[in-house]
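# Overview (structure and organization)
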Amino acid sequence: MMSPVPGPEAPATGAAAASSLSPASPPLLQLRGVDKHFGAVQALYHVDLDLPAAQVTALCGDNGAGKSVLTRCIAGIHQPDHGEILWNGKPVHIRGPRDAADLGIEVVYQDLALADNLDIVQNMFLGRERVHRGLLNEDSMERAAAETLRNLKVTTVRSIRQPVASLSGGQRQAVAVAKAVMWNSKLVLLDEPTAALGVVQTRMVLELVRTLRDHGLGVMVISHNLNDVFQVADRLAVLHLGRKVAEGPVADFDLQNVVQYMTTGSAHR
Amino acid sequence: MAKVEDELGRTALDEEVEPTAAAEIAAPPEILAESLGEYIRAWGRRVAGGESGALPVVLALVIIAVAFEIWTQGLFLSPQNLVNLFIESMVFMTLGMAEIFVLLLGEIDLSAGYVLAVAAGIAGLLVQKPGPNWPWWLAIITALVCSGVTGAVWGLLVSKLHLPSFVVTLAGLLIMWGVMLVILGNAGVVSIASRILVNQHVLYQIVWGNIPPVAGWVGLAVLSLLFAGITISRDFGRRRKGLVAPPPGLTILKIAFFVAAGIAVVAVCNVNRGSSLVVLAGVPWVVPIVLVVLLLWVVLLQRTKFGRYVYAIGGNPDAARRAGISLATVRTWAFALAGVTAGFSGILYLSWQGGTSTNVNGGQYVLYGVAAAVIGGTSLFGGRGKIAQAVVGGLVIGAIYNGLYLQGVQVQWQLIATGLVLVGAVLVDTLSRRGTLSGSATRI
């Protein structure tokens, strides 16, 4: 709890993008043949997906491709109808957000779920406050929050006691990510982290994503913005109408064929 | 891939710093400033930028005081009248505190005025002889418990059945009005003015009893030392742990302000406001009693998980829910505490009036309570406000009420004046928020 993000001994495998096929250890999280339907609507068909540790996997797809449903299945909000989820190679049942959090899976939704009227520390500890003799232990929380932000190289905020309402969009995203990774999380799912951000702030958030990876966390980024995807991702998977139509190291793709996969479900190499 | 690289050319844009000018305004100056001068400059920027904080209401209080002082030719600020003003304001202050519990959630409690009336009735009836003749403390506890349970019922209806609090507590207003009429019966009047019956006299003395002047000074000295000690030791603690602490100049200024305000209150109250034969002097007991309640609620709202959750729910209920907070539990407790506080103001009302009757205008009182909270600076939209703001807001309402009464202005003009001040307060709140970046103004 005190050192929220692993230290420098964590492997920094950012460049070794293709290592997901290494046979030594199974990926952090694997989906195997996941189906999900809502009434007559089939949202996911037999989706297989690997999310390895210390790598950034980008999940691309047009609107309605099933990105959100897939995320919610991992986060425990939906349960798959068929198929299984493997965590470190072992089958798990994620029945709710609590189960996901217990495994070390955290989701940063697009709306960030921050309370504008609370300050950064209060938001980062919301629901998990440290208490000493019945009273909030503000100093201890403040130090831990500052340490997490420092580990994530988030240095642009002037004071961690300023209300979230006074932060820029990129800073808010950074606080939401820091809140997610404070709790020994191993896999972070980011839903459209750069939507509605300016150029400088987008760069700051992408840098933050790389920092998470360098600390050894598995990261899944859901994004419409292919520029961002190519900048930050080690691996890439494309959903089209509920099916996974492509998955692999980012070097196997280029902008053109990803767009083809997203719009038609197939592409010519 | 070449195409991608081209697309990424935007990363070559020159490095610019995050825009922090807005953040400087929105962040409280004490967390950024490193010296007193810097603090004052940061504060000035904030006021200029529209985040005026407590400034408008304090200015309003000063203007009201000066205006009435001139109009009443020195009567308004006489020690005797100031003590009256303190006493009259206590009911408004405590009702304002009750409302702040629910206003912070973005809810409202319209029943508080008649919860006050029922609590006053219960406590008054329980110390009657012939009658129950209960010990005074048991009568108080019973009245407070009944008020708390009432509030909890509204809270359950709001949080479990998702009924709007406006409607639930509007129904509550009518119900408690009826309950008040039922318990006061045909006589419609309860008096606690007996000097022989101890239990009645103790209740009466809450407002009308005075602390001996010397004891008042001793109490203030102890309080000042405690305040200074706690403030300084907290600053030192934070510095030792390597955290940012307010500049020492600011801390000293804060302590000096506290001591000065305390001295002013005790000095005013210790002036003999009786005659040369019958000395009447000292701080009324109600002042420290309300201070203790204020302190309790400040600690509860600022220093405990419950308080943090109240603010979180008021700021962003979805964030609170995803953080695993039980919204229903927190909301129900907040309504229950609002009920207890309204019941407490009922005890003060009973003591102040020396009894109670079916004439209590609970509808008007609850609106004064909401007005006290809003004038003090609490937002109607949830998430913004502090319990201490009810004290300033209550003083403003008490001052208008008292000053116009001194001039013999009739009740209709008191209502109109209070209404105008309320509109002014909401106007200041809305205008100041429109000028800032904080998004809560748009969230209802």
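Residues numbered from 1 in each chain as written. Chains lettered and ligands numbered in written order. Predicted model: local features only at pLDDT ≥ 70, side-chain atom pairs only at ≥ 80, totals over all residues. Heavy atoms only, no water.

## Concerning the layout of surface pockets
Its boundaries defined by the atoms lining it, the second largest pocket holds a volume of some 530 Å³. In this structure, the second largest pocket is lined by 23 residues; those nearest its centre are Glu106, Val107 and Arg128 of chain A together with Arg322 and Ala323 of chain B. Classifying every residue of the lining of the second largest pocket by side-chain character gives 16 nonpolar, 1 polar and 6 charged. (1 Å grid on protein atoms, 1.4 Å probe; cavity = no way out; pocket = protein on both sides within 12 Å on 5 of 7 lines; lining within 4 Å. Points joined across faces, edges and corners; volume = space filled by probe spheres on them. Nonpolar A, V, L, I, M, F, W, Y, C, P; charged D, E, K, R; others polar.)

## Some remarks on the packing of aromatic side chains
For the structure shown, the criterion picks out 12 aromatic pairs over all chains. Ring geometry for Tyr114 of chain B against Trp177 of chain B: centres 5.0 Å apart, planes inclined by 10 degrees, an arrangement best described as stacked. Of this pair, Tyr114 of chain B sits in helix α6 (residues 112-126) while Trp177 of chain B sits in helix α8 (residues 165-184), and the two are 63 residues apart along the sequence. Residue classification places Tyr114 of chain B among the buried residues on the basis of a relative accessible area of 3%. Note on Phe227 of chain B and Phe258 of chain B: the rings are 4.1 Å apart at their centroids and 10 degrees apart in plane angle, and the pair reads as stacked. Taken together, the positions of Phe227 of chain B in helix α10 (residues 213-240) and Phe258 of chain B in helix α11 (residues 248-270) put the pair 31 residues apart, joining distant regions of the chain. Residue classification places Phe258 of chain B among the partly exposed residues on the basis of a relative accessible area of 26%. Site record: aromatic cluster; members linked through ring pairs are Phe92, Tyr349, Trp352, Tyr365, Tyr368 and Tyr401 of chain B. Between the NZ or CZ atom of Arg243 of chain A and the centre of the ring of Tyr45 of chain A, over which it lies, the distance is 4.1 Å. (Phe/Tyr/Trp six-rings, centres within 6.5 Å; stacked < 30°, edge-to-face > 60°. Helix = DSSP H or I, 4+ residues; strand = E, 2+ residues; numbered from the N terminus. Buried < 20%, exposed > 50% of the residue type's maximum accessible area, 1.4 Å probe, protein only. Lys NZ or Arg CZ within 6 Å of the ring centre and 35° of its normal.)

## As for the side chain of Ser351 of chain B
Residues and elements named next belong to chain B. Relative to the elements of secondary structure, Ser351 occurs in helix α15 (residues 327-353). Polar side-chain contacts of Ser351 include one of 3.0 Å to the backbone nitrogen of Val207. For Ser351, the contacting residues outside a window of four places in its chain are Ile192, Leu203, Tyr204, Gln205, Ile206, Val207 and Trp208. (Polar contact = N/O pair within 3.5 Å; in protein donor to acceptor, adjacent residues only side chain to side chain. Contact = heavy atoms within 4.5 Å.)

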